[in-house]
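A look at the structure
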Amino acid sequence: MAHRIEVTLKDGIRDARGERIQREISHFLHLQVDEVRTLDVYTVDAALSQSEIEEAAAGPFSDPVIQEWAIDTPTALTRPLKGEGAAFDWAIEVGFRPGVTDNVGRTAREAIEYQTGRPFGAGEGVYTAVQYLLNGKLTAADVERIATGLLCNTLIQRFTVLSRDEFSARGGFPAIVPNVTGETRAAVREIDLEVSDEELMRISKDGVLALTLEEMRIIQAHYRDPQVQASRTAQGLGPKPTDVELECLAQTWSEHCKHKIFAGTVQYEDENGNRQEIRSLFKSFIQRTTKDVREKLGDNDFCLSVFKDNAGVIKFNDDWSLVFKVETHNSPSALDPYGGALTGIVGVNRDPFGTGQGAKLIFNTDVFCFADPFYEKPLPARLLHPRRIYEGVVEGVEHGGNKSGIPTVNGSLVFDERFCGKPLVFCGTAGLMPAEVNGTPGYEKSIEPGDLIVMTGGRIGKDGIHGATFSSEELNENSPVTAVQIGDPITQKRMFDFLIRARDKGLYRFITDNGAGGLSSSVGEMAGECGGCRMDLSRAPLKYPGLNPWEILISEAQERMSLAVPPDRIDEFMTMAKRYGVEATILGEFTDSGVFHILYGDRTVAWLPMEFMHEGLPPMQLPAKWAPPAHDEPAVEAKADYTADLTALLSSLNICSKESVVRRYDHEVQGGSVVKPFTGVANDGPSDAAVVRPILDSFEGVVTAHGICPRYSDIDTYHMTANAIDEALRNYVAVGGSLELVAGLDNFCWCDPVLSEKTPDGPYKMAQLVRSNQALYDVCMAYSLPLISGKDSMKNDFYDGGVKISIPPTLLFSVIGKIEDARTAVTMDVKRPGDIVYLLGKTGFELGGSEYLALKGQIGNSVPVVHTEKAYARYQAYHRAVLAGAVASCHDLSDGGLAVAAAESAFAGGFGLSLDLSRVLWMGDSADRSDAALLFAESASRHLVTVRPEKQDAFESIMSGNCFASIGVVTAEQTLTITGLGGGTVVRAKLGDLKEAWQAPLREL
Amino acid sequence: MVKARAIVITGNGTNCENEAAHACRLGGFDEAVIAHIAQILSGEIRLDDFHFLNLTGGFLDGDDLGSAKAQANRLKHAAVSGTEEKLVEQFTRFIADGKLILGVCNGFQLMVKMGMLPGFDGDYLTQRTTLTFNDAGRFQDRWTYLKADTASPAVFTRGIEKGIYLPVRHGEGKFLCDSAATLDRIETEHLAPLRYSGPDYAAPTQEFPLNPNGSQNGIAGLCDATGRLMGLMPHPEAFVHRTQHPRWTREELPEEGDGLLLFKNAADYVRQNLL
């Protein structure tokens, strides 16, 4: 029988978790609760003696200094809360639903196994729950709201509410064992595709296959082929596809895995009616960018492996290479923000780890796009409140990154109301790979027929089934709960600790990650390397019985890598895995049969020719028509004093300090931190980019930065993209990154651009995608930025049949590169009074899509235009100035323009600035030149630089020939003073007030 | 010449092994071996062959049962492969042999929960103190000023006149004692070598964020009466070079970071007493 162990804090010990819940109940739900107390509950369902249970409770499950424990006794009745009288008014207990990953439960089980020296038997387990005791005048409905609105995500958790009286009458909560019961039936269904078109679509829709009618017809035709039928008969299969085959094709052909939109044929028409056929945006723009940049770089080309592996690889020095990948995990984060984001970060960790022969992970980056966490309007059903998404995502990435021991060095938060339809959760990870592993290039790997298929890490459950196909559709009310997974960073960390050592011993030939589509995708792709495979799903280790073969094949259960191990190394591999506590299983072997051959025991359950799987899909046909939008052109009001506008901008969500989030991320683990997320006299100024030293006895550094500006998409995605790339590079350049060795990654998050009944404006959205790609090519070529990896997520819409919410088209552009000597890095805080302030670059009347207009509820049309040729020359000159030691500080100008950058640099450095707008270089019509434009325009490619007076000559001579101007001086006063064109003071503010405005909005979150 | 040898244990969620080993080497150890716990449990590597044991930062077993609890349980119960010896016996012998142990962050949590600290009266296996959730209820990565107790027996903090500046990176760093008597004894015997303070290192503080977690009496580190065993929440291995300081681009700083001294002191002690 199952026992309940309750662990509670001793009297007088502060319940920080309870206090936080109490604050959140008040903050989120506007309900007053006098006190919240929390208890940890372990339900142990295993054959253990009473003394063994007691030893577990007293040993690993509780801390004798601060906690007490009880077995099968409701402690809530025996210990009063701090108020007199009633111990509590309501009790809520929240635990996991059956089959949901319970990391604490897993660790608790291992702890008991160590204590007793006996492994748990089949079906035995430990399950965790948290009990919340609430004291306060609440109705049953209030408590239900607290449970469902705050404490419990009912998709993955279950809860029980008891009033004090019910609790007493029933003797507390019963022991609940949320195990998955089921038998191994290994059922394989055959699906009849000789049906009407309507029926084909029903099969696709009901099965969450996300296959279009055309794709269903292609599959139908394949199975009609007499040759196919003959080969199937030889395998004992009928003419109808098995569910294993259909599911496998659906994963392989999903938008998520196949990138059908980027591979499709686009008929593009511009605003002048010029037509152009584009065969594959990916090939025409992204791949071509890299090819052409590499040609341009010639002997200086530093790309080693691009697009073909899980992550891109570039050279770092003669001994080491850099690996980088950025992923999105949007749809899962919308459903379960914590689990979705946690899985996002530990999932992207596997990409660089599974690149080439494997890489050590050196840093994470993350960028989140949310709706306003203080959103007050009603939301469609199924959408979580933006604040819950914010809290959950932030915590998920915190746990995933921190527990994995990878510093989170760079990121940002972007806000727009439309992200309530789907939040965007970008997670990136970089790795360091030996240039050579056992005598072969580290970035290369191979498979030979006869190599064994080995899966390592976690076990397979029903979690994450249909993740790939579900994220290839819009979010709707019926999105499947099985799509949600919860990551387990420790299981993954153990696996990585083992695999990196196995790599150095040469124990495997090929490694890749199990992500979307699970084994169907990882082994499917690996089989493509050598021409086939033969895999037995009955050998796969399962979390619990009852999975059918198709579920085993496509489950996205986390923390798994797939490997090809040569037969002569398999014994050593398996022995070492066991010693390191990592589960490894041989699932079959790679072949050159040309067939993806899947068995369950002796029975063939899937027989798919590799060619059909990988090449069977004709390109999509995608119409695209560009018609530039025309927004109202707002009249910018001329004012005598813009101090209030500046203060309001500093408090806007997109500009304000994100320190409360960033401090929750370990940005210094591994010891290589050089430029941290926060800098300046009080360690609280916002850095432009991150610099880390991945090799501790060397001063060579890695620089990473990013750019993202979805607001400009409201005007033109060409300029949105150009500005995002420019922002990434100017951030990178600001801290001292070298232009000789820097590469880019593109992450497209779009709203569905495919014309359909649901998406009548598909051609416009598709044209936005084309324009974005055009800019990608143009700007990357001008900046000599090869693209080394990327990802697209094309269905970021919410649609419930009535309301449709589409995100603004968003490109996250990330860069990674090198700083030869990290000791030359520059930070954004002004350094000392008397230093001269320069503005590099020109300012124009470019307020379109700016934060300044957004503050006034306007968009405008004059979006910033990137002048790449001048910018690139200036960036090169600036870098020479950095190397000459002539730069004291440098801050990039982006959201909020010059005024915001000046305020940030000043309060970060703890010294004032005195600036004169009449000295700022202007471009464009002089009639448009105004204080407001000079202060707040977001013209691209600009830096605010301070230089010590003794370095003035050196700086100016290095920069000569470029657009730059001295615009003021650093002062000892604690004031930002800006003189307007008319000679009057247009901004005068105390640094303390500006900093407070900037720090206040998200400080308490 | 006999070598000064340091060992850093990793595995099951330890994260800071590389920079800890780097700090040991910079501090003067001839060797710093990173040993996976599997290599120790298999008997391949033995603690007896080293002079300085580093239990460093990370999230052992995800801190799932409370920080470092599961590892404390594992070390207590797991046996070295092919022998009758429990791993914990290697630890107690290491202590009895007069060697050095430094626990940082998760390693400090492990030492406290195993009872290795404060190690009253030579009892290294009874838990008397703990490290629990920060008062702020959140993980914190921020730099802290640590006032040194010059009367402390700790080997590692010898020579620190006022204090040192190091980062903390934890969610469970609030130091608490099981009784007033334990706290009194820690104070009387000067077993808290480092405490959170203001930038002047003048007095311990309870004020957030200077004291980032609400630790009793501002205690950031703890040692035993011999001074050879010490644990602390801040990360000395994270500040061994000036470029790791958050304000290195604006302040004149010595080349070596404040944290390096702890490793130098360890190496000096080993050379003078154990070789």
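Here's what I pulled together on the structure shown here. No experiment lies behind these values; they were computed from the predicted model shown. (Residues numbered from 1 in each chain as written. Chains lettered and ligands numbered in written order. Predicted model: local features only at pLDDT ≥ 70, side-chain atom pairs only at ≥ 80, totals over all residues. Heavy atoms only, no water.)

Notes on the overall build of chain A
Cut-off, in case you're wondering: Each helix is a run of H or I in the DSSP string that is no shorter than four residues. Each strand is a run of E no shorter than two, and both are numbered from the N terminus. Based on C-alpha atoms, the radius of gyration is set beside the globule rule, defined as 2.2 Å times the residue count to the power 0.38. Buried residues are those whose accessible area, probed at 1.4 Å on protein chains only, stays under 20% of the maximum for their type, while exposed residues exceed 50% and partly exposed ones sit between those limits. Every residue pair with non-hydrogen atoms within 4.5 Å of one another is taken to be in contact. Counted as positive: Lys and Arg. Counted as negative: Asp and Glu, with His and the chain ends omitted from the count. We put the charge of a Lys on NZ, of an Arg on CZ, of an Asp on CG and of a Glu on CD.
Counting its regular elements, chain A contains 32 helices and 41 strands. Its C-alpha radius of gyration of 29 Å places chain A within 12% of the 30 Å reference for a compact globule of 1005 residues. Within chain A, the fraction of its 1005 residues that count as buried is 66%. Restricting the contact set of chain A to residue pairs at least 6 apart, pairs at least 24 apart contribute 82%. Within chain A, one finds 97 positive and 137 negative side-chain charges whose respective centroids are separated by 2 Å.

Some points on the environment of Glu172(B)
All names here are of chain B. Looking at where Glu172 falls in the secondary structure, it is placed in the loop between β7 (163-170) and β8 (174-177). With 105 residues separating them along the chain, Glu172 and Ser67 place their C-alpha atoms 6.9 Å apart. Sequence-distant contacts of Glu172, that is, excluding residues within four places in its chain, are made with Asp63, Gly66, Ser67, Gln109, Lys113, Leu131, Thr132, Phe133, Asn134 and Met233.

Points about the packing of helix α29 (residues 897-909) of chain A against helix α32 (residues 991-999) of chain A
All names here are of chain A. For the record, the criterion: Working convention: axes come from line fits to C-alpha atoms, limited for helices to the stretch in contact. Angles between N-to-C directions cover 0 to 180 degrees. Here roughly perpendicular refers to angles of 65 to 115 degrees, roughly parallel to angles under 35, roughly antiparallel to angles over 145, and oblique to all remaining angles. Basically, the charged four are Asp, Glu, Lys and Arg, the nonpolar ten are Ala, Val, Leu, Ile, Met, Phe, Trp, Tyr, Cys and Pro, and anything else, Gly included, counts as polar.
Contact geometry of α29 with α32 gives a least axis separation of 9 Å together with a crossing angle of 110°. It follows that α29 is roughly perpendicular to α32 by the angle criterion. Between α29, through Ala903, Glu904, Ala906 and Phe907, and α32, the contact on the second element is made entirely by Leu991, Leu994, Lys995 and Trp998. Here the residues of the contact of α29 with α32 are counted per class, giving six nonpolar, no polar and two charged.

Digging into the interface of chain B and chain A
The figure often quoted for interface size is the accessible area lost as the parts come together. Going by this rule: Two parts lose some accessible area (1.4 Å probe) when they are put together, and adding that loss for both gives the buried area. Salt bridges are defined by distance alone: a side-chain nitrogen of Lys or Arg within 4 Å of a carboxyl oxygen of Asp or Glu.
Chain B puts 60 residues into the contact, and the matching count from chain A is 68 residues. With both sides pooled, the region where chain B packs onto chain A buries about 5,200 Å², and carbon together with sulfur makes up 51% of that total. Of all residues in chain B, Leu65(B), Arg138(B) and Arg250(B) bury the most surface against chain A, accounting for 14% of the area lost on that side. Here Asp135(B) makes a salt bridge to Arg14(A), at a shortest N to O gap of 3.1 Å.

Some thoughts on the packing of helix α13 (residues 281-297) of chain A against helix α26 (residues 762-782) of chain A
Pairs of packed helices are described in terms of their axes, by the angle between the two and the distance that separates them. Residues and elements named next belong to chain A. Packing of α13 against α26 leaves a shortest axis separation of 9 Å and a crossing angle of 5°. Compared by their axis directions, α13 and α26 come out roughly parallel. Where α13 abuts α26, its residues Leu281, Phe285, Ile286, Arg288, Thr289, Asp292, Val293 and Lys296 lie against Met766, Leu769, Val770, Asn773, Gln774, Leu776, Tyr777, Cys780, Met781 and Ala782. The residue makeup of the contact of α13 with α26, split by class, is twelve nonpolar, three polar and three charged.

Focus: helix α4 (residues 87-96) of chain B
All names here are of chain B. Put simply, the rule reads: Directions drawn from the helix axis to the C-beta atoms are what define this arc.
Of all the residues in α4, the buried ones are Leu87, Val88, Gln90, Phe91, Phe94 and Ile95. Considered in projection along α4, the buried side chains sweep an arc of 155° and stay on one side of the axis. Looking one or two places after α4, you find Gly98, whose phi comes out positive at around 80°.

Observations regarding unusual backbone geometry
Backbone phi values are negative for most residues with the exception of glycine, while trans is the configuration of most peptide bonds. Cis peptide bonds are those with omega within 30 degrees of zero, and the linkage from Leu117(B) to Pro118(B) qualifies with 0°. Cis geometry is adopted by the peptide bond preceding Pro209(B), which originates at Phe208(B) and carries an omega value of 0°. Structurally, Pro209(B) is set in the loop between β9 (194-197) and β10 (221-223). Unusually for a residue other than glycine, Ser280(A) sits at a positive phi of about 75°. Residue position: Ser280(A) is located in the loop between β8 (275-279) and α13.

A look at the nonpolar core
Note the cut-off: For the purposes of this section, nonpolar cores are sets of buried Ala, Val, Leu, Ile, Met, Phe, Trp, Tyr and Cys residues that join through side-chain atoms within 4.5 Å.
Core analysis: the largest hydrophobic core is formed by 113 residues, its most contacted members being Tyr783(A), Phe813(A), Ile816(A), Tyr878(A) and Phe955(A). Considering each element in turn, this core owes the most residues, eleven residues, to helix α25 (residues 717-735) of chain A. Residues Cys24(B), Leu117(B), Phe120(B) and Leu229(B) belong to the second largest nonpolar core, which totals 85 residues.

Concerning the sheet that holds strand β2 (residues 35-45) of chain A
Residue and element names in this part refer to chain A. Definition in use: Two strands form a pair only when DSSP identifies at least two bridges running between them.
If you walk across this open sheet you meet the six strands as β3-β1-β2-β5-β4-β6, and the pairing is antiparallel. Two strands in the sheet have a free side with no partner beyond their single neighbour: β3 (67-71) and β6 (157-163). Each strand axis lies, on average, 20° off the axis of its neighbour in the sheet, ignoring direction. Two elements, strand β4 (residues 90-96) and strand β5 (residues 125-135), share six bridges in a ladder whose sense is antiparallel. Note that in β5 the partner of Glu93 across the bridge is Gln131. Relative to β2, helix α1 (residues 16-29) is tilted by about 120°, and along the sheet it contacts β2 and β5. Across the sheet, helix α4 (residues 103-116) touches β2 and β5, and the angle it forms with β5 is around 125°.

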